[in-house]
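Overview (structure and organization)
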Amino acid sequence: NAGVTQTPKFRILKIGQSMTLQCAQDMNHNYMYWYRQDPGMGLKLIYYSVGAGITDKGEVPNGYNVSRSTTEDFPLRLELAAPSQTSVYFCASSYSAGDPNEQFFGPGTRLTVL
Amino acid sequence: AQSVSQHNHHVILSEAASLELGCNYSYGGTVNLFWYVQYPGQHLQLLLKYFSGDPLVKGIKGFEAEFIKSKFSFNLRKPSVQWSDTAEYFCAVNALTNAGKSTFGDGTTLTVKP
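In this report, the structure presented in the accompanying data block is examined. (Residues numbered from 1 in each chain as written. Chains lettered and ligands numbered in written order. Predicted model: local features only at pLDDT ≥ 70, side-chain atom pairs only at ≥ 80, totals over all residues. Heavy atoms only, no water.)

**Some words on the overall build of chain B**
Threshold: Helix numbers and strand numbers start at the N terminus; a helix is a DSSP run of H or I with at least 4 residues, a strand a run of E with at least 2. The quantity called the radius of gyration is restricted to C-alpha atoms. Its globule counterpart is 2.2 Å times the number of residues to the power 0.38. Burial status follows relative accessibility: with a 1.4 Å probe on protein chains alone, a residue under 20% of its type maximum counts as buried, one over 50% as exposed, and anything between as partly exposed.
Tallying secondary structure elements over chain B gives zero helices and 12 strands in all. Ordered by position in the sequence, the α and β elements of chain B form the string β-β-β-β-β-β-β-β-β-β-β-β. Rg of the C-alpha trace for chain B: 14 Å, near the compact-globule value of 13 Å for 114 residues, within the 12% margin. Taking the principal axes of the C-alpha coordinates as reference, chain B spans close to 45 × 30 × 20 Å. Burial status across chain B gives 47% buried among its 114 residues.

**Description of the nonpolar core**
Applied cut-off: Put simply, buried Ala, Val, Leu, Ile, Met, Phe, Trp, Tyr and Cys residues joined by side-chain atoms within 4.5 Å make one nonpolar core. Any two residues having at least one pair of non-hydrogen atoms within 4.5 Å are treated as being in contact.
Judged by nonpolar contacts, the single largest core of 29 residues is most densely connected at B:Trp35, B:Leu48, B:Phe74, B:Leu76 and B:Tyr89. By residue number, the principal contributor to this core is strand β10 (residues 87-95) of chain B, which donates five residues. Discounting residues that sit within four places of it in the chain, B:Tyr89 has contacts with B:Gln6, B:Leu21, B:Trp35, B:Tyr36, B:Val37, B:Leu47, B:Phe63, B:Leu76, B:Gly107, B:Thr108 and B:Leu110. Of all hydrophobic cores here, the second largest spans 19 residues; its members include A:Cys23, A:Trp34, A:Ile46 and A:Leu111.

**A short note on unusual backbone geometry**
Look at the link from A:Thr7 to A:Pro8: it is a cis peptide, with omega at -5 degrees. Topologically, A:Pro8 is positioned in the loop between β1 (4-7) and β2 (10-13). In this model, B:Ala16 sits at a positive phi of 80 degrees, which is unusual for a non-glycine residue. Looking at the secondary structure, you find B:Ala16 in the loop between β2 (10-14) and β3 (19-21). Of the residues examined, B:Ala16 reaches a relative accessible area of 53% and is grouped as exposed. Despite not being glycine, B:Lys61 shows a phi value in the positive range, around 60 degrees. In this fold, B:Lys61 is placed in the loop between β7 (56-58) and β8 (64-68).

**What about the interface of chain B and chain A?**
Which entries qualify depends on this criterion: Accessible area that two parts lose when put together, with a 1.4 Å probe and added across both, is what the buried area reports. By convention in these notes, a salt bridge is any Lys or Arg side-chain nitrogen within 4 Å of a carboxyl oxygen on Asp or Glu. In protein, a polar contact means a hydrogen-donor-capable atom and an acceptor-capable atom, both N or O and within 3.5 Å, with residues adjacent in sequence counting only if both atoms are side-chain atoms; elsewhere, any N or O pair within 3.5 Å suffices. Residues were grouped as follows: Ala, Val, Leu, Ile, Met, Phe, Trp, Tyr, Cys and Pro as nonpolar; Asp, Glu, Lys and Arg as charged; and all remaining residues, including Gly, as polar.
The partner chain A presents 22 residues to the 20 residues of chain B that form the contact. Taken together, both faces of the contact between chain B and chain A bury some 1,800 Å²; the carbon and sulfur share is 58%. Our count for the chain B to chain A interface comes out at one salt bridge. The partner of B:Lys49 in a salt bridge is A:Glu102, with the nearest N and O atoms 3.2 Å apart. Along the contact surface separating chain B from chain A lie six residue pairs in polar contact (both at pLDDT 80 or more). Here the side of chain B that touches chain A takes four residues from strand β5 (residues 31-38) of chain B, the largest share from any one element. Partitioning the side of chain B that touches chain A into residue classes produces nine nonpolar, seven polar and four charged.

**Some remarks on the state of the cysteines**
Formally, a disulfide is one covalent bond, and it connects the sulfur atom of one cysteine to the sulfur atom of another. All names here are of chain A. Which entries qualify depends on this criterion: Any cysteine sulfur atom paired with another within 2.5 Å is treated as part of a disulfide.
Counted by the stated rule, this structure contains two disulfides over all chains. Linked covalently through their sulfurs, Cys 23 and Cys 91 form a disulfide whose S-S length is 1.8 Å. Taking the torsion about the S-S bond as the criterion, the Cys 23 to Cys 91 disulfide, at about -70 degrees, is left-handed. Pair noted here: Cys 23 is in strand β3 (residues 19-25) and Cys 91 is in strand β9 (residues 87-94), with a separation of 68 residues, a long-range link.

**What to know about the pairing of β3(A)**
All names here are of chain A. The line we're drawing: Strands are labelled as partners when DSSP assigns at least two bridges between them.
The alternating pattern of β3 places Met 19, Leu 21, Cys 23 and Gln 25 on a buried face, while none of Thr 20, Gln 22 and Ala 24, on the opposite face, is buried. Where β1 meets β3, four bridges bridge the pair, whose relative direction is antiparallel. Paired with Thr 5 across the strands is Ala 24, a residue of β3. Pairing between β3 and strand β8 (residues 76-78): three bridges, direction antiparallel.

Shown next, in the form of C-alpha cells:
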C-alpha cells in the first residue's frame with residue numbers, strides 16, 4: 001500500500017512552459033485535493049475532486065487545471081508557467097466528506113519557475 | 001466561510017519544556033478539527049483529530065489537544081518536548097457541510113533546542 005504518490009519530486013520550468021504534476025492513490029479514496037504551500041504560509045486549496053469525473057475549484061485555481069478520469073489518479077496541469085507558481089505542491093486524498101475526514105498527503109513536488 | 005488562525009508563527013523551546021500552540025477557527029456549524037505535522041523534508045501527516053465525544057483528544061508522540069467549543073479553539077499541547085518534535089504544525093478545520101474541504105492555518109514552526 002503506497003498511499004499517495006506524486007511525481008516528479010522536483011522540477012524547474014521556464015516561464016510559459018507547461019507541465020503536469022502527477023498524483024495517484026491506492027486507498028480507493030473518493031476525495032482528492034491539490035494544495036500549494038508557499039513559504040511561511042499554510043496550504044491553499046487549488047482544486048479538489050469528490051469522485052471520478054467530478055472536479056471543482058478551490059481557493060486559488062487560476063493558472064491550473066485538473067482532471068479525474070479514474071478514482072486513483074488526479075493530475076494537475078500548469079499551462080503557462082509563471083514565477084508566481086513557484087511553490088511546493090501537495091496532493092492529498094480522503095475516504096469521504098463524512099467524519100472524520102482525515103487527509104493523507106503525498107510527499108510533494110517542489111516547482112521553481114524561472 | 002471557514003477560517004483558521006494560528007497565533008504563533010515560530011516557537012523556540014528547550015528540551016523538556018511544555019508546549020502549547022494556539023488554534024482558533026471561525027465557523028458556526030459542526031466541524032472536524034485536525035492537527036497535522038510536517039517534519040523537515042517530509043510530507044504532512046496526521047497528529048490528532050477531533051470529530052465528536054471527549055473534547056480532549058490524544059494523538060501520537062504524546063501530543064494532545066482540547067476542543068473548547070465556546071472559544072472556537074483547538075489548542076495543541078505536549079507536557080515535555082523533545083528535539084525530535086522540531087517540525088511545522090498545522091491546524092485544520094473541516095466543516096461537515098463543505099464537501100470535505102479542509103481549511104489550514106498558516107502553520108507554526110517549532111524549534112526545540114537540545
